[in-house]
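Examining the three-dimensional arrangement
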Amino acid sequence: MNAPDVELRDRVLAAGTGAGLEVVGTCSAEPFLAARKALEERKAAGLNGTMQFTYKNPVRSTDPSATVEGCATLVVAAARYPSSVPEQPERASARVARYATDDHYGRLRAGLRAMADLLKAAGHRALVMADDNSVVDRAAAHRAGIGWYGKSANLLVPGQGSWFVLGSVLTTADLGESPEAVADGCGTCRRCLDGCPTGAIVAEGVVDARRCLAWLVQQAGEFPHEYREALGDRLYGCDECQEVCPPNKRTDLADPTVMAPGAAPGPWVDVEWLLTAPDDDLLDDATLGRWYVPKRDASVLRRNGIVVLGNLVHDGRARPEDLDLLVPFLEGADPVLAEHAEWAAVRGGRPDLLDPSPVRQDVADGPTT
Ligand code: B12
Ligand code: SF4
Ligand code: SF4
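Residues numbered from 1 in each chain as written. Chains lettered and ligands numbered in written order. Predicted model: local features only at pLDDT ≥ 70, side-chain atom pairs only at ≥ 80, totals over all residues. Heavy atoms only, no water.

Regarding the packing of aromatic side chains
Each pair of aromatic rings is reported with the distance of its centres and the angle of its planes. This is how the line gets drawn: Only rings of Phe, Tyr and Trp enter the pairing, Trp through its six-membered ring, and a pair is recorded when the two centres are within 6.5 Å. The plane angle decides the type: under 30 degrees is stacked, over 60 is edge-to-face, the rest tilted. We count a stretch as a helix when DSSP gives it H or I for four or more residues in a row; a strand needs E for two or more, and each element gets its number in order from the N terminus. Relative accessibility thresholds used throughout: buried, under 20% of the residue-type maximum; exposed, over 50%; partly exposed, between the two (1.4 Å probe, protein chains only). The criterion for a charge sitting over a ring is simple: Lys NZ or Arg CZ within 6 Å of the ring centre, and within 35 degrees of the ring normal.
Summed over all chains, the structure comprises 5 aromatic pairs. Between F53 and Y292, the ring centres sit 5.9 Å apart and the planes meet at 70°, which makes this aromatic pair edge-to-face. Here F53, found in the loop between helix 2 (33–44) and helix 3 (58–61), pairs with Y292, found in the loop between helix 12 (279–283) and helix 13 (298–314); they are 239 residues apart in sequence, far enough to count as distant. A relative accessible area of 32% places F53 in the partly exposed class. Look at Y81 and W163: their rings are 5.9 Å apart centre to centre, the planes differ by 70°, and that puts the pair in the edge-to-face class. Note that Y81 is positioned in the loop between strand 2 (73–80) and strand 3 (93–96) and W163 in the loop between strand 6 (155–156) and strand 7 (164–171), a separation of 82 residues in sequence. Against the face of W163 rests R98, its NZ or CZ located 4.0 Å from the ring centre.

Okay, here's the thing in C-alpha cells:
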C-alpha cells in the first residue's frame, strides 16, 4: 500500500484557503455509519416528513465510494456567510435566512473546485459535492475536525459558530488519517432547544422536519395551521436556533460587516413585490431564483408571503391597509392561496376583507325581479 501523500494534502488545503475558504480539512472516506443509523432511525420514526435528500438512499448518502469508486479521502470545507443583517426596511418585508441571501454555495464550490483541480492534476479522481443528496456534509465536516455537532444539529466551528455552508471533494487520493474530533462546545447550554419557535429540536441534535420552519417553507401545499403564527416574518429558511446560540452571538458581535439595506441580493423581500410580481420575476430573481422551490411553483413563495403579511400586520410591523394585497388571492382561483389569505386577513385584524362586496352579493343573489 502506498503511503499517504501528505505533501499533496498540504498543497490542496493551501489552495482551498487561498481560494477564500475559511476552514478546510481532510478525513477518511469510510462509510459514515453513525449518520446512516441516524438517517434510518429518523426515517423509520417519520422525522423526515416528506423530505428526500440524503434520506432517499441512506446507504448511498453515507458511503462516498458509492459516488466515486475507490474514494479514499474527503477534502472538506466550510465557507462562512455574513452574520450581520440590516434592519427591516420601512415597507412590509419578509425575512430570508442568512444562508439564502447570496450565492454562498457558489463561493464554496469555487474553492472546492480549486482543490479538486490540484488533485486531478496529480492524477487522481476528484469530485466536488456540496449540499448534494450523495454526501452527509455535516458528518464529513465533523470527521475532518472542522467543528462539533451542536444540540441544534448544526455544526459549529470553534470560535466561529455555525454560520457556515459545508461541502467536500471526494477523491481517490490517499491524503492520510482523519484528525481528532473537535471537542463538544455546547456544555450545559440548551438555548436552541428552548428557543426553537415550533419545538422542532425534539432531542439533542435531532430535528423533526415536520415541525421545522426551514422545511415547512419549502414544502408545497398547505402550510400547517399550528405553525403559521410561529412562522413570524420568515419567507425562506429559519435562523432562530442559530441566532439564540451563544457562540454565534459572539461572532455576530465581532463581525463589523453590515450588508447595505436594499442592496441586491438582500436578506429582506418586499411583500408587495412578492405578492404582485409575475411568477417569472420571482423565479428568475437573483436571490429567490437560487432557492429550492418545489416544482418551481412561485405560489409556494406567495403562500409563505401571505402568512408573513398576516403576522407582520398583527405585530404592528405593517399597516392594516397592506392587507388589501390579499384581495386578489381571496377572489382568485387558487384554493390554497385563498385559504391562506383568509387566515392572514383574520390574523391581521381585517375580517372585513372576507365579506363579499355588495356587487358580488348582488351577483350571488341573482336578479331581484
Ligand atoms: C435535510 C437537510 C435539512 C432538513 C433537515 C435538517 C436535519 N437536521 O436533519 C431541513 C430542511 C429541516 C434543514 C434545515 C436547515 N439546514 Co439543512 N440540510 C439538509 C441536508 C440536505 C441533509 C442533512 C441530513 O442528512 N440530515 C440527517 C441527519 C441524520 O443528520 P444530522 O441532523 O446532521 O444528525 C447528526 C446529529 O444528530 C449527530 N448526533 C447524533 N447523536 C447526537 C447527540 C448529540 C447530543 C448531538 C449534539 C448530536 C448528535 O449525528 C447525526 C448524524 O451525523 C444537508 C446537506 C447534506 N447533503 O448533508 C443540509 C445542511 C445540513 N443544512 C444546512 C443548513 C445551513 C440548514 C439551516 C441552517 C438552513 C436555514 N437557515 O434555514 C437549517 C438548520 C436546521 C437544523 N437545526 O438542522 C447546512 C448545515 C451547515 C452547518 N453549519 O451545520 C447543510 C450541511 C447544507 C450545506 N451543505 O451547507 N436541512
Ligand atoms: S431552523 Fe427554526 S424551526 Fe428548524 S430547528 Fe432551527 S429554530 Fe427550529
Ligand atoms: S444554542 Fe447552546 S446548545 Fe444549542 S448549539 Fe448553540 S451552544 Fe449548543
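Side note on the site of ligand 2
How we decide: For this description, a residue counts as near a given molecule or strand if any of its non-hydrogen atoms is within 4 Å of it. Gly counts as polar in this scheme, as do all residues outside two lists: the nonpolar Ala, Val, Leu, Ile, Met, Phe, Trp, Tyr, Cys and Pro, and the charged Asp, Glu, Lys and Arg.
Ligand 2 sits among C196, P197, T198, I201, C212, L213, C238, E240 and C241. Here the residues of the shell around ligand 2 are counted per class, giving 7 nonpolar, 1 polar and 1 charged.

Section: the site of ligand 3
Neighbouring ligand 3 are the residues G150, K151, S152, L156, C186, C189, R190, R191, C192, C245, P246 and P247. Counting only elements with at least two residues in the shell around ligand 3, the list comes to helix 6 (191–195) and helix 10 (246–254). Residues that form the shell around ligand 3 fall into these classes: 7 nonpolar, 2 polar and 3 charged.

Topic: the domain arrangement of the protein
Short version of the rule: Domain delimitation follows an automatic or database domain assignment. In this analysis, two residues are considered to be in contact whenever any of their non-hydrogen atoms come within 4.5 Å of each other. Accessible surface is computed with a 1.4 Å probe, and the buried area is the amount of it that two parts give up when combined, taken over both parts together. For this document, the term salt bridge refers to a Lys or Arg side-chain nitrogen within 4 Å of an Asp or Glu carboxyl oxygen.
Segmentation of the protein into domains returns domain 1 (6–171) and domain 2 (206–360). Each of domain 1 and domain 2 has a C-alpha centre, and the two are 28 Å apart. Taken together, the contact between domain 1 and domain 2 spans 42 residues of the former and 45 residues of the latter. Of the roughly 3900 Å² buried at the junction of domain 1 and domain 2 (both faces included), carbon and sulfur atoms supply 53%. Summed over the shared surface of domain 1 and domain 2, the number is 4 salt bridges.

Considering the pairing of strand 3
Selection rule: A pair of strands is treated as paired once DSSP finds two or more bridges between them.
Judged from the 3 bridges that link them, strand 3 and strand 11 (residues 268–270) form a sheet pairing that is antiparallel. Across the sheet, the residue bridging to A94 is V269, located in strand 11. As judged from the 2 bridges shared by strand 3 and strand 10 (residues 234–236), these two strands associate in the parallel manner. Within strand 10, the residue paired with R95 across the bridge is R234.

Some points on the sheet that holds strand 7
To keep it simple, the criterion reads: Lines fitted to C-alpha atoms define the axes here, with helix axes fitted over just the stretch in contact, and angles between the N-to-C directions of these axes take values from 0 to 180 degrees.
Within the open sheet, the 4 strands sit side by side as 1-2-7-4. Their pairing is antiparallel. Strands with a single pairing partner mark the edges of an open sheet, and in this sheet they are strand 1 (23–28) and strand 4 (126–129). Taken over all neighbouring pairs, the strand axes of this sheet differ in orientation by 20° on average, direction set aside. The strands touched by helix 4 (residues 104–121) within the sheet are strand 1, strand 2, strand 4 and strand 7, with strand 7 carrying the most contacts at an inclination of about 20°.

A closer look at the pattern of salt bridges
Tallying each qualifying case throughout the model produces 19 salt bridges. Among the salt bridges present, the one from D10 reaches R9, with a minimum N-O distance of 3.5 Å. Residue classification places D10 among the partly exposed positions, given a relative accessible area of 44%. Overall, the relative accessible area of 23% leaves R9 in the partly exposed class. The salt bridge involving D324 is made with R350; its shortest N-O contact spans 3.1 Å. Pair noted here: D324 is in the loop between helix 13 and helix 14 (327–330) and R350 is in the loop between helix 15 (335–347) and helix 16 (358–365), with a separation of 26 residues, a long-range link. Connected via shared salt-bridge partners are R91, D270 and E272.

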